[in-house]
Amino acid sequence: MTTNSTLQPELIQRFHNVIEELGPEQLKQMLQDMHTIRAFEERAEQLYSLGKVHGTMHLSIGQEATAVGAANALQDGDYLLNHHRGHGHCLAWGSDVNRMMAEFTGKETGFCRGRGGSMHIADVDANNLGANGIVAGGVPISTGVGLSIKMRKTSQVCMVIFGDGAANEGALHEALNMASIWDLPVIFLCENNQYAMSMPMPKAFNIEKISDRAAGYGIPGETVDGNEVLAVYEAVKKAADRARRGEGPSLIESVTYRYKGHSKSDKQAYRTRDEVNDWMENRDPIKRFGALLTTAGITSEAEATGMRDVALGIIDRSVEFSDNSPTPDVAGLMEGVYA
Amino acid sequence: MRELTYAEALREGLRQAMTADSRVFMIGEDIGVYGGAFGVSAGLLAEFGAERIIDTPISEAGIAGACVGAALAGMRPVGEIQFMDFVTLTMEQLVLQAAKVRFMFGGKASVPMVLRMPGGSGTGAAAQHSESLENWFVHVPGLKVVMPSTPYDAKGLLLASIDDNNPVIFVEHKLLYKTKGPVPEEPYRIPLSQTQVVREGKHVTVVATSIMVSRAQQAADELVKEGIELEIVDPRTLKPLDDAPIIESVKKTGRAMVVHEAVEMGGFGGEIVARIASSEAFDYLEAPIRRLAGKDIPIPYNRELERATVPQVEDIIAEARKLARGEY
Ligand SMILES: Cc1ncc(C[n+]2csc(CCOP(=O)(O)OP(=O)(O)O)c2C)c(N)n1
Ligand SMILES: [Mg+2]
């Protein structure tokens, strides 16, 4: 895995085509989105510690590149399913940050009218079929979405994002196999942050790369540096192109790292402070991409650092929006169970 | 007597069972270094080692199956399902295997396993982390279902469950883990299928399970000020059910209500009502038997909605008051 200090010119060379394909505006927007995700997560944590939110939350600080790289490789009309650590995926998908914040704080104006909360944010109008509280819960659903796309003969694709831990749920295997035998347009994106709660990946697998499992389903498998936003973009784009050609699913493993604890109450006894610091200092996806864009002359340094302030402003406004939003009326408690 | 929390009482029971019998071991997600999502097994890894405190991948069907197989082959596993909701991923192994092998094999095999799991809402964990599914298991011949409501019962029922030669679904409650109560230090067992009258009173019988027992106690404390006495009965083991104390209590009070957190329709309360209505207590009834239970909706995230979904102390007070005053 490359580090922050890797010579940026080499990376620019390596991603030359991708940089051309995306163009300066989208590249800058991607960096901005990574900042916005981080700012959202930081505020989420703060709101939680202030007691403004009850329940739990799973922060994706450190994993922004996977969310942003993947979302940018897809098109309007494509589908997304993701998992409990899903704020970043949702923001990268382009879903309204105000309605996300409102959902997080349990307001009627939230994406799920305050019924779902952090773990269930969905933006159904944008084909974002939601985060999931059940590990691997979205994976079989993505196979069904793929089946629908195939039966309806559209050129959509479905991307499902799940963790390394999810890769060991039985239902995931059934879903991948079915997607494979039916050549469904599904991108199985495993966001491997190297721990499933307290379980380090090497203790849960006797293989080194989760993408090696692809061979068992007879589909392409690839492991990418999940902190390198362009690497994620490139791999997901390739899988999406393949899916749109009707050639079937792909399994992509995006290797990244979470900086914060698993959820609200995690003493993190299963890893060392040094390990966390090493990732934060040497492999941070935002620092890296910022450096790449400035080295490539796509942004000025001032512009790149200014994005942090833009992000904070976006998040401030989202909190204002949710603060000014009504809480759900208990009189409507029984609504919404049946269609 | 010394006081422990519900979580500490469970841990002490686990420690004592593992110390006494080398066949007992624990298996589940994040039960080792992490100490379990709710801290029940904190410290046990250091005491018993990774061979007996087995951290698994996220594979609930695998955990349940490993318990069934290990139990069939001479061990006494205690599995942990991190949230009761995830037991849905284990149903085949529990319902079609664990519950039935003994019978299908003509009584030649047994499955001495315990599967612990925290149910219930109240933590803002929303619809997929707040379920109360105990009655699903009550419906399955071959399973036992235990639901402790106090630290004392938690330890005593856990030790009895581990001793039992049948698969036991052991349902804890998230909001009870930090509650405190007297717990003897030495190992003790509370026999399964022994319903307990936890508070005597003459006006209304309240059959309550799990967290609803303490809510009923609080309601009783309030109502007594109005001269209304509740008699609170805790089945503790839902299956097989010891219904005699319930029937006796209703014969005494003539009025009965059931309180549980699980959804009312198809819930355990229906069974209790049926037992009362079809027993000799029927002739003593002075009012319809009432049920107070979870609303027929998934648990919402928003705090006020979540609270409104399941019975609270004030709901029990209101319902018991009406019943006592003859308003039904
Ligand atoms: C079926 C199921 N089992 C267990 C859990 C509890 N749980 C929630 S997240 C998690 C760890 C997931 O690890 P991973 O898939 O690697 O995702 P990460 O949290 O690392 O992003 C666990 C054990 C759950 N929500 N669903
Ligand atoms: Mg993980």
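Fair warning: this is a prediction, and the values are worked out from it, not measured in the lab. (Residues numbered from 1 in each chain as written. Chains lettered and ligands numbered in written order. Predicted model: local features only at pLDDT ≥ 70, side-chain atom pairs only at ≥ 80, totals over all residues. Heavy atoms only, no water.)

Some points on the sheet that holds strand 14 (residues 290-294) of chain B
Residue and element names in this part refer to chain B. As summarised here, the arrangement of the five strands in space is 9-11-10-13-14, forming an open sheet in which the pairing is mixed. The open sheet terminates on both sides in strands that have one partner only, identified here as strand 9 (196-199) and strand 14. Going from strand to strand, the sheet's axes swing by 25° on average, the running direction of each strand aside. Examined bridge by bridge, strand 9 and strand 11 (residues 230-234) share three bridges and lie antiparallel to one another. Looking at the pairing, Val197 lines up with Val233 of strand 11. Against the sheet, helix 8 (residues 211-223) touches strand 9, strand 10 (204-208), strand 11 and strand 13 (256-263), its axis set at about 170° to strand 11. (Pairing = 2+ DSSP bridges. Helix = DSSP H or I, 4+ residues; strand = E, 2+ residues; numbered from the N terminus. Axes fitted to C-alpha atoms, helices over the stretch in contact; angles between N-to-C directions. Contact = heavy atoms within 4.5 Å.)

Points about the confidence of the model for chain B
Chain-level statistics for chain B give a pLDDT mean of 98 and a share of 100% at 70 or above. The ipTM assigned to the predicted complex is 0.96, against a pTM of 0.97. (pLDDT = per-residue confidence, 0-100.)

What about helix 3 (residues 64-72) of chain A?
Of all nine residues that make up helix 3 of chain A, nine are buried, and the element is covered over most of its length. For helix 3 of chain A, the set of buried residues is A:Glu64, A:Ala65, A:Thr66, A:Ala67, A:Val68, A:Gly69, A:Ala70, A:Ala71 and A:Asn72. (Buried < 20%, exposed > 50% of the residue type's maximum accessible area, 1.4 Å probe, protein only.)

Description of the pairing of strand 13 of chain B
Successive residues of a regular strand alternate their side chains across the two faces of the sheet. All names here are of chain B. Taken across its eight residues, strand 13 has seven buried, putting it largely inside the fold. Where strand 10 and strand 13 come together, four bridges link them in parallel fashion. Pairing of Thr205 across the sheet is with Ala256, part of strand 13. With four bridges joining them, strand 13 and strand 14 adopt parallel strand pairing. The partner of Val263 across the bridge, within strand 14, is Gly294. With respect to chirality, the unit in which strand 13 leads through helix 10 (residues 268-277) into the neighbouring parallel strand 14 is right-handed. (Right-handed = clockwise from strand over helix to strand, strands pointing away.)

Focus: the interface of chain A and chain B
Across the contact, 40 residues belong to chain A and 35 residues belong to chain B. Of the roughly 2,900 Å² buried between chain A and chain B on both sides combined, carbon and sulfur atoms contribute 63%. Three residues stand out in chain A for area buried against chain B, namely A:His54, A:Met197 and A:Leu333, and they jointly supply 24% of the buried area on that side. Seen at the junction of chain A and chain B, the total is zero salt bridges. Inspection of the region where chain A meets chain B yields twelve residue pairs in polar contact (both at pLDDT 80 or more). Across the side of chain A that touches chain B, the residue classes tally to 16 nonpolar, 19 polar and five charged. (Buried area = accessible area lost by both parts, 1.4 Å probe. Salt bridge = Lys/Arg side-chain N within 4 Å of Asp/Glu carboxyl O. Polar contact = N/O pair within 3.5 Å; in protein donor to acceptor, adjacent residues only side chain to side chain. Nonpolar A, V, L, I, M, F, W, Y, C, P; charged D, E, K, R; others polar.)

Some points on the coordination of the magnesium ion (ligand 2)
All names here are of chain A. Protein-derived ligands of the magnesium ion (ligand 2) are Asp164 (OD), Asn193 (OD1) and Tyr195 (O), with the metal-ligand distances lying across 2.0 to 2.1 Å. Sequence spacing among the residues donating to the magnesium ion (ligand 2) works out to D-x28-N-x1-Y. Remark: Asn193 occurs in the loop between strand 3 (186-192) and strand 4 (195-196) and Asp164 occurs in the loop between strand 2 (158-163) and helix 7 (170-181); sequence separation between them is 29 residues. With respect to burial, Asp164 and Asn193 carry one shared label: buried. (Donors = N, O, S within 2.8 Å, 3.2 Å for Na, K, Ca; no water.)

Overview of the site of ligand 1
Lining the immediate surroundings of ligand 1 are 24 residues, of which A:His84, A:Arg85, A:Gly133, A:Asp164 and B:Glu60 lie closest. One chain alone does not account for the residues near ligand 1; they come from chains A and B. At 3.1 Å from an oxygen atom of ligand 1 is found a main-chain nitrogen or oxygen belonging to A:Ala166. Here an oxygen atom of ligand 1 and a side-chain polar atom of A:Asn193 are 2.8 Å apart. When isolated, ligand 1 has an accessible area of 580 Å², and the protein chains bury 98% of it. (Near = heavy atom within 4 Å. Areas by Shrake-Rupley, 256 points an atom, 1.4 Å probe, with all protein chains shown as cover.)

Quick word on the pattern of salt bridges
Enumeration over the complete set of coordinates arrives at 43 salt bridges over all chains. Note that B:Arg15 and B:Glu47 form a salt bridge whose closest N and O atoms lie 2.9 Å from each other. Taken together, the residues span a long stretch of sequence, with B:Arg15 in helix 1 (residues 6-20) and B:Glu47 in helix 2 (residues 44-48) at a distance of 32 residues. On the accessibility criterion, B:Glu47 (42% relative accessible area) is partly exposed. For B:Asp163, the salt bridge identified is with B:Arg189, shortest N-O distance 2.4 Å. A residue pair is termed long-range when its members are at least 10 positions apart, and B:Asp163 in helix 7 (residues 151-163) and B:Arg189 in the loop between strand 8 (180-182) and strand 9 qualify at 26 residues. Because the salt bridges share partners, they merge into one network encompassing A:Glu108, A:Arg113, A:Arg115 and A:Glu335.

A word on the layout of surface pockets
Here the second largest pocket defines a volume of roughly 520 Å³. Around the second largest pocket, the lining comprises 22 residues; the ones closest to its centre are A:Arg115, A:Gly116, A:Gly336, B:Ala127 and B:Pro298. Residue classes in the lining of the second largest pocket are distributed as 13 nonpolar, six polar and three charged. (1 Å grid on protein atoms, 1.4 Å probe; cavity = no way out; pocket = protein on both sides within 12 Å on 5 of 7 lines; lining within 4 Å. Points joined across faces, edges and corners; volume = space filled by probe spheres on them.)

Some points on the packing of aromatic side chains
Under the definition given, this model contains nine aromatic pairs over all chains. Judged by centre distance (5.3 Å) and plane angle (50°), the ring pair of A:Tyr195 and A:Tyr270 falls under tilted. Of this pair, A:Tyr195 sits in strand 4 while A:Tyr270 is found in the loop between strand 7 (250-255) and helix 11 (273-282), placing the two residues 75 residues apart along the sequence. Owing to a relative accessible area of 9%, A:Tyr195 belongs among the buried residues under this scheme. Judged by centre distance (5.3 Å) and plane angle (65°), the ring pair of B:Phe38 and B:Phe83 falls under edge-to-face. In this pair, B:Phe38 is assigned in the loop between strand 2 (24-28) and helix 2 and B:Phe83 in the loop between strand 4 (76-80) and helix 4 (91-98), connecting sequence segments 45 residues apart. What makes B:Phe38 partly exposed here is its relative accessible area of 28%. (Phe/Tyr/Trp six-rings, centres within 6.5 Å; stacked < 30°, edge-to-face > 60°.)

What about the side chain of B:Gln93?
All names here are of chain B. Tracing the backbone shows Gln93 in helix 4. A polar contact of 2.9 Å, which involves the side chain of Gln93, links it to the side chain of Glu92. Excluding its chain neighbours within four sequence positions, the residues that come into contact with Gln93 are Ala61, Ala64, Gly65, Val68 and Ala98.

Regarding the sheet that holds strand 1 (residues 79-81) of chain A
Residue and element names in this part refer to chain A. Across the sheet, five strands lie side by side as 1-2-3-7-6; this open sheet has parallel pairing. A single partner strand is all that each edge strand has here, and the edge strands are strand 1 and strand 6 (221-225). The sheet shows a mean angle of 20° between the axes of neighbouring strands, direction not considered. In the sheet, strand 6 pairs with strand 7 via five bridges, with the strands oriented parallel. Bridge pairing in strand 7 links Thr223 to Glu253. Contacts between helix 3 and the sheet are confined to strand 2, strand 3 and strand 7, with strand 3 contributing the most and set at about 165° to the helix.

Details of unusual backbone geometry
All names here are of chain B. Cis rather than trans, the peptide bond between Lys239 and Pro240 has omega equal to -5°. Tracing the backbone through its elements, the reader meets Pro240 in the loop between strand 12 (237-239) and helix 9 (244-253). Its identity as a non-glycine residue notwithstanding, Asp30 has a phi of 60°, on the positive side. The residue Asp30 is located in the loop between strand 2 and helix 2 in this model.

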